[in-house]
Amino acid sequence: MPINYAKRREKFISALGGLAAVIPGAEAQRHHADVEFPFRQDSDFWYLTGFDEPGAVALFLPHRPENPFVLFVPAKDPLAEVWDGFRWGVDGAVGRFGADLAHPLEQLAELLPQYLEGAEGLCFRVGRHAAIETLVLKSWAQQLDRAPRRGQGADRLVAPCPILHSMRLRKEAEELVQLREAARISAEAHELARLAVQPGMNETQVRALIEQHFVANGCRGCAYPSIVAGGDNACILHYTANSAVLKDGDLLLIDAGCSLQDHYNGDITRTFPINGRFSPEQRALYEVVLSAQLAAVDQVKPGNSAEHVHETAVRVLVTGLRSLGLLKGDVDGLIEQGAYRHLYMHRTGHWLGLDVHDVGAYRLGEHPVELEESMVLTVEPGLYVSDRLPVPDGQPQIESRWKGIGIRIEDDVAVTATGCEVLTAAALKAPADMEKQG
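Residues numbered from 1 in each chain as written. Predicted model: local features only at pLDDT ≥ 70, side-chain atom pairs only at ≥ 80, totals over all residues. Heavy atoms only, no water.

> Give a description of the nonpolar core that names residues and reports values.
Within the largest apolar cluster, 104 residues are counted, with the highest numbers of intra-cluster contacts made by Phe60 and Val206. In terms of residue count, helix 10 (residues 280-298) provides more of this core than any other element does, 9 residues in total. Beyond its immediate sequence surroundings of up to four residues, phenylalanine 60 is in contact with Arg9, Phe12, Ile13, Leu16, Leu19, Ala20, Ala21, Ile23, Leu48, Thr49, Pro68 and Phe69. Grouped together as the second largest cluster of nonpolar side chains are 19 residues, Phe72, Phe124, Val136 and Ala154 included. (Core = buried A, V, L, I, M, F, W, Y, C linked by side-chain atoms within 4.5 Å. Buried < 20%, exposed > 50% of the residue type's maximum accessible area, 1.4 Å probe, protein only. Helix = DSSP H or I, 4+ residues; strand = E, 2+ residues; numbered from the N terminus. Contact = heavy atoms within 4.5 Å.)

> Now, about the side chain of histidine 129: what can you tell me, with residues and values included?
By secondary structure assignment, the location of histidine 129 is in the loop between strand 7 (121-123) and helix 6 (130-150). Relative accessible area serves as the criterion here: at 17%, histidine 129 is assigned to the buried category. Non-local contacts of histidine 129, meaning those with residues more than four positions away in its chain, are made with Pro24, Gly25 and Phe124.

> Explain the layout of surface pockets to me, and be specific about the residues and the numbers.
As a volume, the largest pocket reaches approximately 800 Å³. Forming the walls of the largest pocket are 29 residues, and the residues nearest its centre are Phe39, Arg40, Gln41, His263 and Asp355. At the level of elements, strand 1 (19-24), helix 2 (43-49), helix 7 (161-169) and strand 9 (221-222) are the ones that each hand at least two residues to the lining of the largest pocket. Of all the elements, helix 7 adds the most residues to the lining of the largest pocket, at 4 residues. Partitioned by chemical class, the residues of the lining of the largest pocket number 13 nonpolar, 8 polar and 8 charged. Its volume calculated, the second largest pocket comes out at about 460 Å³. If you trace the second largest pocket, you find 17 residues lining it, with Glu36, Pro54, Asp84, Gly85 and Arg87 closest to the centre. (1 Å grid on protein atoms, 1.4 Å probe; cavity = no way out; pocket = protein on both sides within 12 Å on 5 of 7 lines; lining within 4 Å. Points joined across faces, edges and corners; volume = space filled by probe spheres on them. Nonpolar A, V, L, I, M, F, W, Y, C, P; charged D, E, K, R; others polar.)

> Could you give an account of the pairing of strand 19 (residues 411-415), naming the residues involved and the relevant values?
Summarising burial for strand 19: 5 of the 5 residues are buried, a large majority. Burial of strand 19 is two-sided: the residues Asp411, Val413 and Val415 facing one way and the residues Asp412 and Ala414 facing the other way are all buried. Of the pairings in the sheet, the one linking strand 16 (residues 376-379) to strand 19 comprises 4 bridges and is antiparallel in character. When the sheet's bridge partners are listed, leucine 377 is paired in strand 19 with valine 413. Taking the residues between adjacent antiparallel strands as the criterion, strand 19 and strand 20 (residues 420-422) are bridged by 4 residues. (Pairing = 2+ DSSP bridges.)

> How would you explain helix 9 (residues 203-216) if you had to name every residue and give the values?
Taking 1.5 Å of rise per residue, 14 residues should cover 20 Å, and helix 9 covers 20 Å from first to last C-alpha, within 8% of that figure. Looking at helix 9, one finds that the buried residues are Glu203, Val206, Ile210, His213 and Phe214. Each buried residue of helix 9 sits inside an arc of 105 degrees when the element is viewed along its axis, so together they form one side. Helix 9 presents Val215 and Ala216 as exposed residues on the side facing more than 90 degrees away from its buried surface. As for helix 9, its buried residues are in contact with helix 8 (173-196), strand 9, strand 10 (227-230), strand 11 (251-256) and strand 12 (258-259). (Expected span 1.5 Å × (residues − 1). Arc of directions from axis to C-beta.)

> Please set out a nonpolar patch on the surface residue by residue, giving values where relevant.
A contiguous nonpolar patch, built from Leu79, Val82 and Trp83 and spanning about 430 Å² of accessible area, is present on the exposed surface. Tracing the sequence through the fold places valine 82 in helix 3 (residues 78-84). (Patch = residues over 30% accessible without salt bridge, like charges linked within 9 Å, V, L, I, M, F, W, Y side chains within 5 Å. Areas by Shrake-Rupley, 256 points an atom, 1.4 Å probe, with all protein chains shown as cover. Salt bridge = Lys/Arg side-chain N within 4 Å of Asp/Glu carboxyl O.)

> Give me the lowdown on the environment of proline 396, citing residues and values where you can.
Inspection of the secondary structure assignment puts proline 396 in the loop between strand 17 (382-385) and strand 18 (405-408). Apart from residues lying up to four places away in sequence, proline 396 is in contact with Gly325, Leu326, Leu327, Lys328 and Val391.

Pasting the structure below:
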């Protein structure tokens, strides 16, 4: 199911009213010397255009209904294409990507004021695209200078984020197809890794196995730097060194997901014993985290909120930690005081889509955003038992048998009309499945 970019643009332009929007694409980023990172398009720009070359700028002009979508793109240049690859140029911008008009990027400074003339206001995200921002503000200043004489001109500058991010939060049917595919490939990679892992391997080997599966299945690569964390390394939330030897008796936490060619992402975390058998302490904590995750997933349904999903997970985690003697006191009091945060210090999930931590509000003022059909979020409670954070006053000191155990279980979950769909269910997580038989 191909993405209908034209339909998105129509919706966006309609929501602009009398505003003219300037949406820049991403620039190529320097890695070192004259080497650049692999190019990754700006997600808002991609969402509206599907155009995947650096430096482009899109205009959306409802006050010019005859030509409301204008692209400025890198011009065709045989020498540049010899070095850096094919360019679509202005003809491709119109013929392949549906622009009403297109111009070489070097004409932006000259033509931008003409295109913005007559708009009631300008829609542009300040603070991110310095060179384009200078041109937009100069054009706006010119309109403000002329407004007293003409009696009209753009009278405000607003961000496109509220409109665009509300659109992106509610996934189209075509997007859900892509997210299911990203979840499928990511889940397969996790299963391959779990079956292959054994003591003495290096974290790097496991990462390579996962990421090779992504590429072999046509993905761009990883949605984010993979986390392959054995033993105490799993208590470092953003551990990416992935260089330690996997030890007999430790757990292995893998947080990895693929990114498809059109940038939709998977995001899965699984934790399992390296030698195929849980210790009593490992299994006890694993069952607490899994219970919290299952309870939280069960709350993903229309009318609830991401905040409610998080609160559900926290209550199960705190109840379990108290039963194991790692916390003491009344559950409500422990939650209110945050006395569990040395063991669980992050939120239970985030929106997922073109960005791994995708756009969209979680609260509108004092009110949590209610979940609606077609929203997609992760559900990822965890427990991390180490000496890195101090134990709160009045809470039990941690016995050595618990230390160095880090566990997170994460799934990608789509809200349906009556509940939810766990997109990543093919990555197993039951305790018995995490152990090797025989």
